[in-house]
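Here's the letter readout for the chains.
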Amino acid sequence: MARKPSDIMRDIDKALDRGIARLVINTQSKLSAASPVDSGRLASSWFVGDGTPNRDERQEDWAAPGAGRVEVEKPAYKITMDSDHYISNSLPYA
């Protein structure tokens with residue numbers, strides 16, 4: 001049975017959304033992994049913003065020096081291909 005063009009387009013849109021989400025999350029993870037780690041504050045301050053950069057940053061007492069605590073926060077919104085996504089780090093030394 002032949003599929004309707006609208007079904008094919010819906011499947012393509014879903015696949016593109018998944019691909020963009022995977023790209024953004026993998027890039028955020030790689031940025032975090034490539035950041036020097038002492039306390040982990042720099043590596044844990046890479047955030048994804050929808051439409052504008054996310055200006056959040058981890059607090060100064062994130063972890064003790066040498067602790068190496070790293071947590072990559074996943075976006076709280078659904079990543080889709082029809083929106084702009086920004087990966088930013090607002091720490092002054094980033």
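Residues numbered from 1 in each chain as written. Predicted model: local features only at pLDDT ≥ 70, side-chain atom pairs only at ≥ 80, totals over all residues. Heavy atoms only, no water.

Chemist: Where do I start with helix α1 (residues 5–34) in this structure?
Modeler: Since the α-helix packs 3.6 residues into each turn, any two residues three or four apart lie on the same face. Under the 1.5 Å per step criterion, the end-to-end length of α1 is 43 Å for 30 residues, consistent within 8% with the ideal 44 Å. Inspection of α1 places Asp17, Ala21, Val24, Gln28 and Ser32 among the buried residues, and these make up the whole buried set. In the core, the buried residues of α1 are packed alongside β1 (47–50) and β2 (85–88). (Helix = DSSP H or I, 4+ residues; strand = E, 2+ residues; numbered from the N terminus. Expected span 1.5 Å × (residues − 1). Buried < 20%, exposed > 50% of the residue type's maximum accessible area, 1.4 Å probe, protein only. Contact = heavy atoms within 4.5 Å.)

Chemist: Just checking my understanding: could you explain the environment of Asn26 for this structure?
Modeler: Structurally, Asn26 can be placed in helix α1. The spatial distance from the C-alpha of Asn26 to the C-alpha of Ala2 is 36 Å, given a sequence separation of 24 residues.

Chemist: Looking at this model, I keep getting lost on a nonpolar patch on the surface. Mind explaining?
Modeler: A contiguous nonpolar patch, built from Ile8, Met9, Ile12, Leu16 and Met81 and spanning about 420 Å² of accessible area, is present on the exposed surface. Note on placement: Ile12 falls in helix α1. (Patch = residues over 30% accessible without salt bridge, like charges linked within 9 Å, V, L, I, M, F, W, Y side chains within 5 Å. Areas by Shrake-Rupley, 256 points an atom, 1.4 Å probe, with all protein chains shown as cover. Salt bridge = Lys/Arg side-chain N within 4 Å of Asp/Glu carboxyl O.)

Chemist: Just to check I follow, could you spell out the side chain of His85 for this structure?
Modeler: Relative to the helices and strands, His85 resides in strand β2. Within the local environment of His85, its side chain forms a polar contact with the side chain of Tyr77, the two groups lying 3.0 Å apart. Every residue in contact with His85, bar those within four places of it in the chain, is listed here: Ile20, Val24, Gly49, Asp50, Tyr77, Ile79 and Thr80. (Polar contact = N/O pair within 3.5 Å; in protein donor to acceptor, adjacent residues only side chain to side chain.)

Chemist: Just to check I follow, could you spell out the packing of aromatic side chains for this structure?
Modeler: Working definition: an aromatic ring pair is given by the centre-to-centre distance plus the angle between the planes. Counting across every chain of the model gives zero aromatic pairs. One cation-aromatic arrangement involves Arg69 over Trp62; the distance from NZ or CZ to the ring centre is 3.7 Å. (Phe/Tyr/Trp six-rings, centres within 6.5 Å; stacked < 30°, edge-to-face > 60°. Lys NZ or Arg CZ within 6 Å of the ring centre and 35° of its normal.)

Chemist: Even after reading the chapter, I still don't get the pattern of salt bridges, so can you show me in this structure?
Modeler: A side chain of one charge can pair with a side chain of the opposite charge if their charged atoms are brought near each other. According to the stated counting rule, one finds six salt bridges in the structure shown. A salt bridge links Asp11 to Arg10; its shortest N-O distance comes to 4.0 Å. A relative accessible area of 30% places Asp11 in the partly exposed class. Across the salt bridge formed by Arg58 and Glu73, the nearest N and O atoms sit 3.7 Å from each other. Separated by 15 residues along the polypeptide, Arg58 in the loop between β1 and β2 and Glu73 in the loop between β1 and β2 bring together distant segments of the chain. Judged by its relative accessible area of 11%, Arg58 is buried.

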